[in-house]
Amino acid sequence: MALARRSRNARAINYWPGFVDALSTLLMAIMFLLSVFVLAQFLLGREISGKDEVLNRLNSQINELTQLLALEKSGKQDLEDSLANLQASLAQSEGERSRLQALLDKGAGSAEVANEKLGRLGSELENERQISARAMSQIELLNQQIAALRNQIAAIEGALQASEAKDQASQAKIADLGRRLNVALAQRVQELNRYRSDFFGRLREILSNRENIRIVGDRFVFQSEVLFSSGSSDLNAEGQAEMTKLAEALLDLAKEIPSEINWVLRVDGHTDNVPLSGTGRFRDNWELSSARATSVVKFLISRGVPADRLVAAGFGEYQPIAEGESLEARAQNRRIELKLTEK
């Protein structure tokens, strides 16, 4: 009868970790894909925002140059109108001079008065010619300035087109980079999950499927009573034996994991919710859980596990896996968890 019950327990333990591993792999892949999508959206938003600022600045410069061009055209029109008025006045003066000359030729009026008028009209005509020449010079200068402004506008339009083309190329490059990053991350997650499954499988073999050592999700859980005496952070003899087996399995697995996978074994210490007296070696459960995790890490280092592949963390009583105040629930919450993950 006991043999049949042990057989049923063995079958349950053999099937359940596989299901949990598959579920955790799916969840990890989804989390990584969501992270990559958010990162790609953030980089794309920053690239587009920078391009929008450049386009806005260039559009502002075009508006300013357009306003300047309009002012120059208005000034040119004013000068042309002034020139037309001067030319009309010049034509009128020439007509008056011709009329007076005709009167002089006919002997009408005083010759001196006519000569005086002719001299005055000649002087006015010369002044009008000088004013007209200056107006023509200003018109020529305005034409040159307008031509320069048109060249600047053409250069800015070319720069805008080049910027838009570069922006489109950048967006395409970001999209391609995001796709490749998604594929690479998915491969990394699959590889790490495969090695985690191998690691847990080896631990199950060497630790003989003990009831106080089990798998919960993606973590390997040791009950604290297996490793430590009550209120202590020093590994007892049984705990050292179990951690020695763990170190050997971890060193064997490290030889198979590719160097490009930056893996670590995270050791998490947890306690129950019974407060410490505060007069002993540890003031509270925070210190006790951290000290126990650190003790496990240091022991693994002494057995040859590289220190840069280990992480110790203490969670005190604040991450229980069993609810309630019963002795059984508190015993389950006093534990050391091992998780193979990436840095």
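Placed above this text is the structure.
Residues numbered from 1 in each chain as written. Predicted model: local features only at pLDDT ≥ 70, side-chain atom pairs only at ≥ 80, totals over all residues. Heavy atoms only, no water.

> Can you walk me through the side chain of histidine 270 in this structure?
Turning to its location among the elements, histidine 270 is positioned in strand S3 (residues 263–270). Of the residues examined, histidine 270 reaches a relative accessible area of 4% and is grouped as buried. When neighbours within four sequence positions are excluded, histidine 270 is seen to be in contact with Ser224, Ser289, Phe315, Gly316, Gln319, Asn333, Arg334, Arg335 and Glu337. (Helix = DSSP H or I, 4+ residues; strand = E, 2+ residues; numbered from the N terminus. Buried < 20%, exposed > 50% of the residue type's maximum accessible area, 1.4 Å probe, protein only. Contact = heavy atoms within 4.5 Å.)

> Honestly, the pairing of S3 in this entry has me stumped. Any pointers?
Two faces belong to every sheet, and in a regular strand the side chains alternate between them. Counting buried positions over the eight residues of S3 gives seven, a clear majority of the element. In the sheet, S3 pairs with strand S5 (residues 335–342) via eight bridges, with the strands oriented antiparallel. Among the inter-strand pairings, valine 267 is bridged to a residue of S5, identified as leucine 338. Strand direction decides the pairing type here: S3 and strand S4 (residues 310–314), joined by five bridges, are parallel. Across the sheet, the residue bridging to valine 267 is alanine 312, located in S4. For the crossover from S3 across helix H5 (residues 285–302) to S4, the handedness is right-handed. (Pairing = 2+ DSSP bridges. Right-handed = clockwise from strand over helix to strand, strands pointing away.)

> Looking at this model, I keep getting lost on the packing of helix H4 (residues 237–256) against H5. Mind explaining?
Packed helix pairs are characterised by how far apart their axes lie and by the angle those axes make with each other. The geometry of H4 relative to H5 is characterised by a closest axis approach of 9 Å and an angle of 55° between their N-to-C directions. Taken as axis vectors, H4 and H5 run oblique relative to one another. Note that H4 runs across H5; the crossing there is right-handed. Between H4 and H5, the contacting residues are Gln240, Met243, Thr244, Leu246 and Ala247 on the first element and Val296, Phe299 and Leu300 on the second. (Axes fitted to C-alpha atoms, helices over the stretch in contact; angles between N-to-C directions. Parallel < 35°, antiparallel > 145°, perpendicular 65-115°, else oblique. Left-handed = near helix turned anticlockwise from the far one by under 90°.)

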